[in-house]
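The chain contents come next:
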Amino acid sequence: MSYQSKFAGAQFVSTIANIVRNKGITLHVGTNFAEYAEIVATERSHQPLGNPFNHNLHDLGPGKGFWIVGYNQKGVLVHTQAVRLLDMQNQSLAEYLSANFRSFPPTGMELDMDASNYKPGPAAHRISGKVCYHGDVWLAGGEDGYRGTGISSVLARYALASALMTWSPDYMFAFMPQPFAFKGLAEREGYMHTEPGALEWHFAKTDDVMKGYMIYMDRYDLDWILDIPVQELVA
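Basis of the calculations
- Residues numbered from 1 in each chain as written.
- Predicted model: local features only at pLDDT ≥ 70, side-chain atom pairs only at ≥ 80, totals over all residues.
- Heavy atoms only, no water.
- Core = buried A, V, L, I, M, F, W, Y, C linked by side-chain atoms within 4.5 Å.
- Buried < 20%, exposed > 50% of the residue type's maximum accessible area, 1.4 Å probe, protein only.
- Contact = heavy atoms within 4.5 Å.
- Phe/Tyr/Trp six-rings, centres within 6.5 Å; stacked < 30°, edge-to-face > 60°.
- Helix = DSSP H or I, 4+ residues; strand = E, 2+ residues; numbered from the N terminus.
- Pairing = 2+ DSSP bridges.
- Salt bridge = Lys/Arg side-chain N within 4 Å of Asp/Glu carboxyl O.
- Axes fitted to C-alpha atoms, helices over the stretch in contact; angles between N-to-C directions.
- Polar contact = N/O pair within 3.5 Å; in protein donor to acceptor, adjacent residues only side chain to side chain.
- Expected span 1.5 Å × (residues − 1).

**As for the nonpolar core**
- Ranked by internal contacts, the top residues of the largest apolar core, which has 79 residues, are Tyr-36, Leu-86, Leu-93, Leu-97, Ile-151, Phe-173 and Met-214.
- In contact with Tyr-36, not counting residues within four places along its chain, are Arg-44, Leu-49, Phe-53, Trp-67, Val-69, Thr-80, Gln-81, Ala-82 and Asp-136.

And the structure:
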């Protein structure tokens with residue numbers, strides 16, 4: 001990553017930090033996932049920690065990932081998200097996820113893992129190299145929450161830009177429930193590409209199915225978003 005790109009990324013991250021601070025949110029970034037698990041368990045108990053960021057299930061040691069939390073002016077947790085660098089072992093993302101998609105389930109749901117399936121799209125077969133996964137995204141709602149304010153758009157970009165500066169990855173991806181994708185959440189978060197029909201999560205004990213999109217960006221997309229002003233994204 002060039003010095004110019006790092007400087008642009010640092011400015012971008014600083015701008016977002018100032019925007020959310022003016023909205024009453026202070027952001028903290030960490031790399032100790034045991035600490036993150038404790039924060040989630042004690043301050044976001046209604047939504048358990050996502051398996052992809054559970055340090056007891058994955059190697060999330062130094063250099064493997066980071067997390068972001070946000071607190072309001074009362075010191076209450078109002079936001080979480082995390083990013084990790086995958087060990088692709090020279091596979092395409094399609095090959096990697098075909099073997100490992102069950103390690104990336106939606107949070108807090110009892111699933112029939114045997115019935116659930118992953119169907120790689122065209123892009124997943126092309127994605128390889130240094131790949132980051134972005135997830136565990138949560139923003140407080142309700143009367144004192146921040147949903148519907150546009151703040152989720154800049155918070156997601158904060159993680160994308162931070163990952164770009166940290167690793168200069170070839171690709172970043174996330175999974176998103178189909179109803180959220182239909183509402184344009186992928187675009188609001190800054191993701192420029194989607195693969196529909198990538199996932200089917202079958203619920204245990206019922207016939208219900210949650211369909212999911214894979215959303216993704218490459219390094220050039222990540223560079224591109226650094227040039228897009230973010231101030232007008234927030235209501």
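**Let's talk about the packing of aromatic side chains**
- Inspection of every chain in the model, using the stated rule, returns 15 aromatic pairs.
- Judged by centre distance (5.7 Å) and plane angle (25°), the rings of Phe-53 and Tyr-133 are stacked. Separated by 80 residues along the polypeptide, Phe-53 in the loop between helix H2 (33–43) and strand E2 (65–71) and Tyr-133 in strand E5 (residues 131–139) bring together distant segments of the chain. Of the two residues examined, Phe-53 and Tyr-133, each falls in the buried class.
- Ring plane angle 45° and centroid distance 5.6 Å describe the contact between Phe-101 and Trp-201, whose orientation is recorded as tilted. On the criterion of sequence distance, the pair formed by Phe-101 in the loop between helix H3 (93–100) and strand E4 (117–118) and Trp-201 in strand E7 (residues 193–202) is long-range, its members being 100 residues apart.
- Three or more aromatic residues joined by ring pairs make a cluster, and in this case those are Phe-33, Tyr-36, Phe-53, Trp-67, Tyr-96, Phe-104, Tyr-133, Phe-173 and Phe-175.

**Observations regarding unusual backbone geometry**
- With a phi angle near 55°, Gln-89 is a residue other than glycine that sits in the positive phi range.
- Note that Gln-89 resides in the loop between strand E3 (77–85) and H3.
- Of note in the backbone geometry, Ser-168 takes a positive phi value of approximately 45° without being a glycine.
- Here Ser-168 is to be found in the loop between helix H5 (151–167) and strand E6 (171–177).

**What about the pairing of E3?**
- For E3, a buried count of 8 out of 9 residues is recorded, marking the element as mostly surrounded by other parts of the structure.
- For E2 and E3, the ladder comprises 7 bridges, and the chain directions are antiparallel. By the bridge assignment for E3, Trp-67 is matched with Ala-82.
- Here E2 folds back onto E3, and the loop between the two strands holds 5 residues, one of which, Gly-75, carries a positive phi near 80°.
- Both E3 and E5 contribute to a ladder of 6 bridges, which runs antiparallel. Directly across from Arg-84, in E5, lies its bridge partner Tyr-133.

**Focus on the pattern of salt bridges**
- Here the structure, examined in full by the defined rule, presents 4 salt bridges.
- A salt bridge links Asp-136 to Arg-44, with the nearest nitrogen and oxygen atoms 3.2 Å apart. Of this pair, Asp-136 sits in strand E5 while Arg-44 sits in the loop between H2 and E2; the two residues are 92 residues apart in sequence, bridging distant segments of the chain.
- For Arg-219, the salt bridge identified is with Asp-170, shortest N-O distance 2.7 Å. One end of the pair, Arg-219, is in helix H8 (residues 219–225); the other, Asp-170, is in the loop between H5 and E6, and 49 residues separate them in sequence.

**Quick look at the sheet that holds E7**
- What the 8 strands build is an open sheet, ordered E1-E2-E3-E5-E6-E8-E7-E4; its pairing is mixed. Taken across any chain shown, the strands that pair with only one partner, and hence form the sheet edges, are strand E1 (26–30) and E4.
- The sheet contact formed by E1 and E2 spans 5 bridges and is antiparallel. Across the sheet, residue His-28 finds its bridge partner in E2, namely Val-69.
- Sheet strands in contact with H2 are E2, E3 and E5, and its direction is about 35° off that of E2.

**Side note on the side chain of Arg-44**
- A relative accessible area of 0% places Arg-44 in the buried class.
- In this structure the side chain of Arg-44 is engaged in a polar contact, spanning 2.7 Å, whose partner is the side chain of Thr-80.
- At a separation of 3.2 Å, a polar atom in the side chain of Arg-44 contacts the side chain of Asp-136.
- Ignoring sequence-local partners within four residues, the contact set of Arg-44 consists of Tyr-36, Ile-39, Leu-49, Gly-50, Leu-77, Thr-80, Asp-136 and Trp-138.

**Comments concerning H5**
- In this model H5 runs 25 Å from its N-terminal to its C-terminal C-alpha over 17 residues, within 8% of the 24 Å that 1.5 Å per residue would give.
- Along H5, 14 of the 17 residues are buried, which leaves the element largely enclosed by surrounding structure.
- Two residues or fewer after H5 comes Ser-168, characterised by a positive phi angle close to 45°.

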